[in-house]
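Structural features, examined
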Amino acid sequence: MSDERLLFAVPKKGRLHDKILKLLMGAGLDYYRPNRVDIALCSSLPVTLVFLPASDIATYVGEGKLDLGITGQDIVAESRTNVNELQLLGFGQCTLGVQTPVKDAITSPKFLAGKRIVTSFPNVTRDYFKQFETEITGRTKIKYVSGSVEAACSLGLADGIVDLVETGTTMKAAGLELLSTILTTEAVLIANPHTAHQDLVDKVHQRILGYITATKYRMVTYNVDKDLLDKVSTITPGRRSPTINGLVGGGYAVSAMVEVKDVSNVMDQLHDVGATDIMVLYIENCLPVRPVLVAFVSLRYDCFNRNRFELLVGRRKRQFRALKRAREASDDRDLPVARRVPDELRANALLRWSFMLRNERMWGVFVAARNF
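Here is what the cut-offs are and how they apply
All residue numbers refer to position in the chain's written sequence, counted from 1. Local features in this predicted model are restricted to residues whose pLDDT is 70 or higher, and side-chain atom pairs enter the listing and the counts only when it is 80 or higher, whereas totals over whole chains, interfaces and linings include all residues. Only heavy atoms go into the side-chain values, all of them from the structure, while hydrogens and water stay out. UniProt positions are given in the numbering used here, feature names are shortened, and annotations may be inferred rather than shown by experiment. Counted as salt bridges are all cases of a side-chain nitrogen of Lys or Arg within 4 Å of a carboxyl oxygen of Asp or Glu. Counting from the N terminus, the helices are the DSSP runs of H or I reaching at least four residues and the strands are the DSSP runs of E reaching at least two. Summary of the burial criterion: residues with accessible area below 20% of their type's maximum are buried, those above 50% are exposed, and those between are partly exposed, where the area comes from a 1.4 Å probe applied to protein chains only. Being paired, for any two strands, means DSSP has found at least two bridges between them. Two residues form a contact once any of their heavy atoms are found within 4.5 Å. A fitted line through C-alpha atoms represents every axis, and for helices the fit uses only the stretch in contact; the resulting angles, taken between N-to-C directions, go from 0 to 180 degrees.

You'll find the chain entered in an unreviewed UniProt entry as ATP phosphoribosyltransferase, with Bremia lactucae given as the organism. On record in UniProt, under Subcellular location (unreviewed entry), the comment for the chain is "Cytoplasm".

1. What about the pattern of salt bridges?
Applying the stated criterion across every chain yields a total of seven salt bridges. Asp127 is paired through a salt bridge with Arg80; the nearest N and O atoms lie 2.9 Å apart. With a gap of 47 residues between them, Asp127 in helix H4 (residues 122–129) and Arg80 in the loop between helix H3 (73–79) and strand S6 (84–88) connect regions that are remote in the sequence. When its relative accessible area of 41% is taken as the criterion, Asp127 is described as partly exposed. Residue Lys261 pairs with Asp262 through a salt bridge whose shortest N-O separation is 3.4 Å. Owing to a relative accessible area of 26%, Asp262 belongs among the partly exposed residues under this scheme. Overlapping salt bridges bring together Lys12, Arg33 and Asp38 as one network.

2. Re the sheet that holds strand S3 (residues 39–42)
The strand order across the open sheet built from seven strands is S2-S3-S4-S1-S5-S12-S6, with neighbouring strands paired in mixed fashion. Bordering the open sheet on either side are strand S2 (31–32) and S6, each of which pairs with just one other strand. Two strands pair when backbone bridges link them, and strand S1 (residues 6–11) and strand S4 (residues 47–52) are joined in this way by six bridges, in the parallel orientation. What sits directly across from Phe8, in S4, is Leu49. In the packing of helix H6 (residues 198–216) onto the sheet, contacts are made with S1, S4, strand S5 (68–72), S6 and strand S12 (187–191), and the angle to S6 comes to roughly 25°.

In structure tokens form, the structure reads like this:
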């Protein structure tokens, strides 16, 4: 494998596999994987996907040459390796807990200290039961099995087990009950703390975060009259603020991100207050908000037309020189200063202008936005 490519480990099968593949596609990590081959090259980024057993991924990322990986928090805890947990992925949630036969009526995990425990997580289990062990109980007898842990009690191999519980169906079918919770877990994006591809790690993380955000929101757009703007803005405040654009025939078009769970209620509220043409759109990706530098220049409208003043977007010195020239050419000496604002105020193009009515006079406003 080339050292120029980032190595990204993903589970080759198991309960997380399908959702992770969907996540990769949503993040723009397109790849081709031939049959029976556990390595795939991404076409959009210098990333190589390595398909491994989920239980091995944390170890390979923490102690090997892999830069990124996706696995469960339970696997990270069991591996005892040093990795950076970058992002919880919002799926694969379950509980790792102590389970005992219902017929035994055990009321506390301390009564299992010194007895037989079967699990696929021997390190986590050992650490958990240490708190209950005494000279009388002795050391808890922990036995590792790779699968079918729930059968251990009925087959006479264990007095209790430590296993994952997602819905509880398998646990109940085996005649077991959850005695105590050791930890809650879900899928997590992890990184090698010594990666040589930090820029790529950040880029992949950003793409995944954008996809996760997009799956939690929908874009709601609608038309509304001017006198209703304040009211509808409280219904759809967006992540930062709604986007509002004037319509040629009068009124305004409003767009705002709304959490999926609230979409139906929001549509009802908008309809009730008088909004029209309400639409709900899917969002494919949504990059995190970054600060931008925005410079505001106020000019008399007639002065703006006469001088054809143009504010160049570039270095800050050039921006502030333009501000100074505009101030000298204007009757108004109270120009706003440049300041940080949210992304929602950034123009889609580098430059755009609009008009503001101030003291019954029309003023031109130039908005220049530049990332920094």
